[in-house]
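Fold and contact review
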Amino acid sequence: MKKINEDQNRFNDGKKFDVIVDRLEKRGVTLLDIAKVTYDLQKKYVESLTMETCLDHIERVIMKREVQHAILTGIELDRLAEEGLISESLSTILLSDYGLYGIDEILALSIVNVYGSIGLTNFGFVDKTKPGIIGVLDNKKGESKNKCNTFIDDIVGAIAAAAASSIAHRYAETDEIIELYKK
Ligand code: MG
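Cut-offs and rules
- Residues numbered from 1 in each chain as written.
- Predicted model: local features only at pLDDT ≥ 70, side-chain atom pairs only at ≥ 80, totals over all residues.
- Helix = DSSP H or I, 4+ residues; strand = E, 2+ residues; numbered from the N terminus.
- Buried ≥ 20, exposed ≤ 12 C-beta atoms within 10 Å, placed from the backbone.
- Arc of directions from axis to C-beta.
- Contact = placed C-beta atoms within 7 Å.

Of the regular secondary structure elements, the chain holds 10 helices and 0 strands. Secondary structure elements of the chain, listed N to C terminal, follow the sequence α-α-α-α-α-α-α-α-α-α.

Attention now goes to unusual backbone geometry. Here Glu88 and Ser89 are connected by a cis peptide whose omega angle stands at 5°. In this fold, Ser89 is placed in the loop between α4 (65–82) and α5 (90–95). Unusually for a residue other than glycine, Asp97 sits at a positive phi of about 50°. Among the structural elements, Asp97 can be located in the loop between α5 and α6 (103–112). The class of Asp97 is partly exposed, set by 19 C-beta atoms lying within 10 Å. Phi is positive for Lys130, close to 50°, though the residue is something other than glycine. Here Lys130 shows up in the loop between α7 (116–129) and α8 (133–140). Judged by the 16 C-beta atoms lying within 10 Å of it, Lys130 falls in the partly exposed class.

What follows deals with helix α1 (residues 14–26). When we look at burial in α1, the residues that qualify are Lys16, Phe17, Ile20 and Leu24. Here the buried residues of α1 occupy an arc of 120° about the axis, which is enough to place them on one side. Exposed residues pointing more than 90 degrees away from the buried face of α1 are listed as Lys15, Asp18, Asp22, Glu25 and Lys26. Among the structural elements, α3 (51–62) and α4 are those in contact with the buried residues of α1.

Structure below.
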């Protein structure tokens with residue numbers, strides 16, 4: 001069980017942290033995959049940024065109860081769609097990842113909303129450019145007609161974007177980031 005700030009922060013749930021990591025891995029996503037996206041988003045603003053720092057902030061994001069609920073809901077809907085347990089017309093919408101559905105992005109916004117405007121703009125950026133694991137997930141949906149990654153790609157993008165915002169605010173008081181944001 002994860003222990004980051006668990007006692008100090010009532011918004012955190014350390015008990016569900018391991019469940020979330022396990023559910024993500026079952027969908028082919030590791031925390032390191034997400035941390036790589038965060039690193040690429042934030043490295044130009046924090047010169048001393050390391051993968052360890054990115055991973056630490058990914059873990060902080062996933063500790064939040066509200067974030068955990070969004071992740072659990074999205075992953076479950078993808079799985080139920082794959083198993084044929086969702087009725088029409090939602091089943092076809094999810095299995096085809098219909099571009100005008102939009103609820104996958106709305107669910108993901110509930111993750112970045114916790115982290116302010118940098119989280120929001122970073123999420124829009126990764127949603128369009130699909131870097132790293134997000135692109136891999138997006139390509140996998142074409143593997144078979146029963147594969148559903150409609151929610152997971154947005155969830156992963158939102159976690160990466162939220163962690164990038166968390167890092168930006170963590171380094172906000174340092175001379176290093178102030179100089180870089182002036183450019
Ligand atoms: Mg999607």
